[in-house]
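Report on the structure
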Amino acid sequence: MFKNKEEFKFEFSRRIIESYGRTVEEAHITERFLVLETMVRDYASVNWATSKAIIRNNYQKQMHYFSMEFLMGRLLVNNMMNLGIYQIAKDGLEEYGINIHDLEELETDAGLGNGGLGRLAACFMDSLASLAYPGHGHTIRYEYGLFKQKIENGYQIELPDQWMQTGFNWEVRKPKHRVPVKFFGKIIFNETTGKYEHVDAEEVYAVPYDVPIVGNDTTNTNTLRLWSAEASDNIPANQDFRQYIQNVRDICQMLYPDDSTPAGKMLRLKQEYFFTCAGLNSIVRAHLRQYPNLNNFHQKNVIQLNDTHPVLAIPELMRILIDEQGYEWEEAWDITTQTFAYTNHTILAEALETWPISLMQSLLPRVYEIIEEIHRRFIGYVKMASDRDEELLNRVMILRDGTVYMARLAIVGSFSVNGVAKLHSDILAERELKDFAQLYPSKFNNKTNGITHRRWLAYCNPELSSLISEYIGDEWIKHPERLEDLMGHLDDLTLQDRFLAVKKERKQILADYIKEHNGITVDVDSIFDIQVKRLHAYKRQLLNILHVIDLYLRMKENPDFRIEPRTFIFGAKAASGYYFAKKVIKLINSVGDVVNNDSETNKYLKVVFLENYGVTLAEKIMPAADVSEQISTAGKEASGTGNMKFMMNGAITLGTLDGANVEIAELVGEENCVIFGMKDHEVKELQMSGAYKAWDYYNNNPRLKRIIDSLMDGTFHENREEFRVIFEELMNKNDEYFVLADYEAYCQAQSSVRDLYKDRSRWAKVCLTNIAKSGFFSSDRTIQQYVDDIWHLDKVKF
Ligand code: 26Q
């Protein structure tokens, strides 16, 4: 492989000629891009082969991260940077007159995820590889990722995300490793063999496509395995051929674009079983190539379940052990429960996954039988342990009222159950999953989320990165906790000025993007106040926009009242069937239309809605933020990870004490963030007491009344009914997420942000403190904790 610019150029030119029969000068930009991409992939492949061989030869334990979602984003720059060949390629291309950034822009995001949970999986892959741990991912090779969002006339339109259209060059198809997966049919017991057999099944092949996961400054290269469904040779005689082909195609067609209300659809369950069955069987096969049996399976493999979506892996492993490998139930259960660990990502009861028994029984007859047996034995255990506490039994049953409770199955079948931030894990153990925490106290633990500081600081914000390195050296790239060394330079006025200059530079880049995509001119000296995340009632984008309306109306009503210039920036996708969320998007856009075009006020106030928020756009947004809006109703956001990305890029958190905000506030101290609103227990108490009356806030607070009335009086939309749902949600449904209850506190928090911003030196210090303390939120730290407490892996040694 190339070791310097000259070798790179030679190789690049050779490949262009060989692939396209043209010289570098003649080649089309997409041809240049594809050649660069395949060169990087092949470069990584050498390390990949070495890593696999070492892991095998050393009989190392491996971790397998099972997740329905991996929001990888782009891979080219990340891989070149991690391999340490970015500069060589950049310089080499430059000598051909090619700007590497132009090629970078041609890569489409691998957007195989909805939001936080999927991006977490991607960050974990980067940290695992970089820390040289053998940890791999399993997921579905969706033909379409999360929908592409267009905003038309202020409304969200969903378009298919054809991410593989120009080819996805990182993957390698492995047809030899295909796995048969069976749906429907029936189970018969074969008296002569003494085994259960699955007959008349609809069988499909799961074919793996492997993607190398390149670590930073290490030979270690892990695998992300994407499973794709293809037609099998054994289809039942009675099956209609065309229908069968269609069924096969449906499985990997698309990602379910909903991260809150489980779809409850057969196809989703099919997807869940499809990839867990495939992943597990491939791991079992690999194990049996090295060892005579599965007795030590759990000593050589650990499987982390990313939420309940892959939980069918638990009964599937039982099935393999018992039906295929001849184990007795007890032995099989020992192996299984020492293999799986489960991560919970949500507290919202309505988001906990359940399935109708009838559906599961017909789609997965044998797996369902095994779940029944797990349930039966678990109930026996609870009866014994609780002295027949019937109420407790009803609260913990895996099967009840025709329903399978997936989180309960996950807890019973795993040796570890973790939440994703301190507060979240506490709420699980003390409230939501209290019964289980009492039954299995040693299983429960916390692993506060993290983000890869390589993608989210070093690579996406090179301006800030080199400034940091000028002051504290570049060891923070390997050891993110070293960012703390910045604390010794907080009072350095030059550093403060240079930080503000870098921030402004990055705000300009975002401003240019906004100009190009939204046609709106924004002032880079204004406060960039940003809220980007999925749209959900509990995340309270509504609280933010109500406050914007307030500022606008006050300026209109009083010509003497003028605010410190602000630019409020939003980015959010709403699930396609989530009516309320879509209305909030429309409201933000409508307010923007009015506010941005009002010449009396638009020097001071602008509202921007950025279309199609995703990983790549986030890489432009994070470096440009002054204020990070993290304003969920306390107790609802499990962790948040956007909050960490903002912090690492020197934005100030304006947030409630929810999820990981609590830990951010603890680390930076109250002077270095702006915390407001009800605490988790206050929300809970207010909810329980039934004393909350949204109308009282409306009636007693004239400002709030004025703002809420503006939703329906034609100020922002000629159709006065346009925002009725929002009004209804707030007033007549009594404001489930306490937007009005936290309103005053939020306004005060916003005004302290403004005061702070005016003192430029003080502001810079606060931002630098945030950067300095952000090392804790590197996913390297998170992964090390998973390794120490749950996975117990050794590093791959080269
Ligand atoms: C389930 C069944 C059917 C269809 C869809 C789903 C589904 C899909 C995605 C349910 C939930 C999700 C995603 C949840 C999620 O992203 N949770 C977030 O996880 C982050 C990482 O831990 C946390 O930081 C966030 O707080 C949490 O909201």
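Residues numbered from 1 in each chain as written. Predicted model: local features only at pLDDT ≥ 70, side-chain atom pairs only at ≥ 80, totals over all residues. Heavy atoms only, no water.

Some details on the overall build of the protein
Along the backbone of the protein there are 32 helices and 25 strands. Against the compact-globule benchmark of 28 Å for 798 residues, the protein has a radius of gyration of 27 Å, which places it among compact chains. Principal axes of the C-alpha set define a box for the protein whose edges measure 90 × 75 × 55 Å. Looking at the protein as a whole, 61% of its 798 residues qualify as buried. Intrachain contacts of the protein at a sequence separation of at least 6 include 76% that bridge at least 24 residues. Here the protein holds 92 positive side-chain charges and 114 negative ones, and the gap between their average locations is 2 Å. (Helix = DSSP H or I, 4+ residues; strand = E, 2+ residues; numbered from the N terminus. Rg over C-alpha atoms; globule rule 2.2 N^0.38 Å. Buried < 20%, exposed > 50% of the residue type's maximum accessible area, 1.4 Å probe, protein only. Contact = heavy atoms within 4.5 Å. Lys, Arg positive; Asp, Glu negative; His and termini not counted. Charge placed at Lys NZ, Arg CZ, Asp CG, Glu CD.)

Notes on a positive patch on the surface
A grouping of Lys52, Arg56, Arg285 and Arg289 is seen on the molecular surface, where their side chains present a positively charged patch. Mapped onto the elements of the fold, Arg285 is located in helix H8 (residues 266-290). Judged by its relative accessible area of 34%, Arg285 is partly exposed. (Patch = residues over 30% accessible without salt bridge, like charges linked within 9 Å, V, L, I, M, F, W, Y side chains within 5 Å. Areas by Shrake-Rupley, 256 points an atom, 1.4 Å probe, with all protein chains shown as cover. Salt bridge = Lys/Arg side-chain N within 4 Å of Asp/Glu carboxyl O.)

Let's talk about the pairing of strand S14 (residues 340-343)
Side-chain positions along a regular strand alternate between the two faces of the sheet. Every second residue of S14 is oriented toward a common face, with Phe340 and Tyr342 on one face and Ala341 and Thr343 on the other, all of them buried. Here four bridges tie strand S13 (residues 301-306) to S14, and the two strands are oriented parallel to one another. Paired with Asn306 across the strands is Thr343, a residue of S14. The sheet contact formed by S14 and strand S18 (residues 416-419) spans three bridges and is parallel. The residue bridging Tyr342 from the neighbouring strand is Val417, located in S18. (Pairing = 2+ DSSP bridges.)

Quick word on the site of the ligand
Taken together, 19 residues lie near the ligand, and Asp258, His345, Asn449, Glu637 and Gly640 sit nearest. In the model, an oxygen atom of the ligand is placed 3.0 Å from a nitrogen or oxygen of the Ser639 main chain. In the complex, 94% of the free accessible area of the ligand, which totals 610 Å², lies under the protein chains. Per-element accounting of the shell around the ligand gives the leading share, three residues, to helix H6 (residues 116-130). (Near = heavy atom within 4 Å. Polar contact = N/O pair within 3.5 Å; in protein donor to acceptor, adjacent residues only side chain to side chain.)

A word on helix H31 (residues 760-773)
Between its first and last C-alpha atoms H31 spans 20 Å; for 14 residues at 1.5 Å apiece the expected length is 20 Å, and the two agree. The buried count for H31 comes to 10 of 14 residues, which makes it a mostly enclosed element. Among the residues of H31, Trp763, Ala764, Val766, Cys767, Leu768, Thr769, Asn770, Ile771, Ala772 and Lys773 are the ones counted as buried. (Expected span 1.5 Å × (residues − 1).)

What about the pattern of salt bridges?
Counted by the stated rule, this structure contains 57 salt bridges. With a shortest N-O distance of 2.7 Å, Glu369 and Arg366 are connected by a salt bridge. Placement of the pair is Glu369 and Arg366 together in helix H13 (residues 365-386), with a separation of three residues, close to one helical turn. The class for Arg366 is buried, based on a relative accessible area of 10%. Among the ionic pairs, Asp742 bridges to Arg540, the shortest N-O distance being 2.9 Å.

Concerning the packing of aromatic side chains
The tally for this structure, following the rule as stated, stands at 25 aromatic pairs. On the basis of an interplanar angle of 75° and a centroid distance of 5.7 Å, the ring pair of Tyr65 and Phe124 is categorised as edge-to-face. Placement of the pair is Tyr65 in strand S1 (residues 62-66) and Phe124 in helix H6, with a sequence separation of 59 residues. According to the relative accessible area criterion, Phe124 is buried, its value standing at 0%. An angle of 25° between the planes, with centres 6.5 Å apart, marks the rings of Phe378 and Tyr440 as stacked. One end of the pair, Phe378, is in helix H13; the other, Tyr440, is in the loop between helix H17 (434-439) and strand S19 (444-446), and 62 residues separate them in sequence. With a relative accessible area of 3%, Phe378 lands in the buried category. (Phe/Tyr/Trp six-rings, centres within 6.5 Å; stacked < 30°, edge-to-face > 60°.)

As for the sheet that holds strand S21 (residues 566-571)
One open sheet accounts for six strands, arranged S22-S21-S20-S23-S24-S25; its pairing is parallel. At either margin of the open sheet sits one strand with a lone partner, and together these are strand S22 (605-610) and strand S25 (674-675). Relative to S22, S21 runs parallel, the two being bridged by six bridges. Bridge assignment links Ile569 to a residue of S22, and that residue is Val608. In the packing of helix H30 (residues 743-758) onto the sheet, the strands contacted are strand S20 (527-532), S21, strand S23 (627-630), strand S24 (652-655) and S25, and the crossing angle to S24 comes to about 165°. (Axes fitted to C-alpha atoms, helices over the stretch in contact; angles between N-to-C directions.)

Examining the UniProt feature "modified residue: N6-(pyridoxal phosphate)lysine" (unreviewed entry) in the protein
Here, UniProt's "modified residue: N6-(pyridoxal phosphate)lysine" (unreviewed entry) annotation points to Lys645. Along the polypeptide, Lys645 turns up in helix H24 (residues 642-648). Given the relative accessible area of 7%, Lys645 is considered buried. Residues in contact with Lys645, not counting those within four places in the same chain, are Arg119, Ile451, Trp456 and Met622. (UniProt positions renumbered as here; feature names shortened; annotations may be inferred.)

Notes on the environment of Ile151
The residue Ile151 is located in strand S5 (residues 148-152) in this model. For Ile151 and Ile303, which are 152 residues apart along the polypeptide, the C-alpha to C-alpha distance reads 40 Å. When residues no more than four places from it in sequence are discounted, the contact partners of Ile151 are Gln156, Ile585, Asn589, Phe609 and Glu611.

A few points about the sheet that holds strand S17 (residues 403-405)
Taken in spatial order, the three strands make up an open sheet running S15-S17-S16, and their pairing is antiparallel. Each end of this open sheet is capped by a strand with a single partner; those strands are strand S15 (354-356) and strand S16 (399-400). Two strands pair when backbone bridges link them, and S15 and S17 are joined in this way by three bridges, in the antiparallel orientation. Bridge pairing in S17 places Pro356 opposite Thr403. Strand contacts of helix H15 (residues 406-413): S15 and S17, with the helix running at about 45° to S17, the strand carrying the most contacts.

A short note on the pairing of S18
Every second residue of S18 is oriented toward a common face, with Ser416 and Asn418 on one face and Val417 and Gly419 on the other, all of them buried. Note: S18 against S19, three bridges, orientation parallel. Within S19, the position partnered with Gly419 by the bridge is Asn446.

As for the nonpolar core
Within the largest apolar cluster, 142 residues are counted, with the highest numbers of intra-cluster contacts made by Phe12, Leu36, Phe274, Met360, Phe378 and Trp791. Ranked by residue count, the leading element in this core is H8, at nine residues. Here Phe12 is in contact with Val24, Arg32, Val35, Leu36, Met39, Leu93, Tyr96 and Ile98, once residues within four sequence places are set aside. (Core = buried A, V, L, I, M, F, W, Y, C linked by side-chain atoms within 4.5 Å.)

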